[in-house]
Amino acid sequence: MTGIGRVLVIVYAVMALAATGRSVVQIIRRFEEAPLAYSLSALAAVVYVLATLALVLAGRSGWYTVAWVAIVFELTGVLVVGALSLLLPALFQHETVWSLFGIGYLFVPLVLPLFGIWWLRTHRPAAAPQQAGVTA
C-alpha cells in the first residue's frame, strides 16, 4: 500500500485510537448521562478498529470484503445517528461525537467513509492466479 492508501490507513488508525479512548472514558465516567450515545460511540470504536485492520490486510483473501462491509456500516451508522441527532437531539447530547454529524470533528466521521469507499473502488486487489490443471 502506498500514497493515499497509507494516509487512509493512518487516518483510520487515529480515529480508531481516538474513538476507543473517548469511548472508554465516556462509559467509565458518564455512561448514565447518555447511554445510547456512548454505546454507539463504543460501537464506532470497534468499527474503526476493524476498518483499519481490514484496510491494512485488504490485499489478502477476504479482507477486501471485510473492509467494504466495515466502511459501509460506518457510513450508514454516521448517517442514521447523525439524522437522529438532528431529529431527536435529546438522545444525543451536544458533547457527543454524534452531534450534528460530527461538527466538532470537522465532518471527519462523514467524509472518511466516503473517501474509504472511493479508495476501495479504485484499488481492488489483483485476482489470484489460477493454478494449472484446476478447473472451477
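Here's a quick rundown of the structure.

Rules of the game
Residues numbered from 1 in each chain as written. Predicted model: local features only at pLDDT ≥ 70, side-chain atom pairs only at ≥ 80, totals over all residues. Heavy atoms only, no water. Patch = residues over 30% accessible without salt bridge, like charges linked within 9 Å, V, L, I, M, F, W, Y side chains within 5 Å. Areas by Shrake-Rupley, 256 points an atom, 1.4 Å probe, with all protein chains shown as cover. Salt bridge = Lys/Arg side-chain N within 4 Å of Asp/Glu carboxyl O. Helix = DSSP H or I, 4+ residues; strand = E, 2+ residues; numbered from the N terminus. Buried < 20%, exposed > 50% of the residue type's maximum accessible area, 1.4 Å probe, protein only. Polar contact = N/O pair within 3.5 Å; in protein donor to acceptor, adjacent residues only side chain to side chain. Contact = heavy atoms within 4.5 Å.

Taken together, the side chains of L36, V80, L84, L86, L87, L88 and L91 make up a nonpolar region of the molecular surface, amounting to roughly 600 Å² of accessible area. At four residues, helix 3 (residues 63-87) tops the list of elements feeding residues into the nonpolar patch. By the secondary structure assignment, L36 is in helix 2 (residues 35-56). Overall, the relative accessible area of 39% leaves L36 in the partly exposed class.

Let us look at the side chain of S23. Among the structural elements, S23 can be located in helix 1 (residues 4-30). At 3.4 Å, the side chain of S23 and the backbone nitrogen of A42 are in polar contact. Beyond its immediate stretch of four places on either side in the chain, S23 contacts Y38, S41 and A42.

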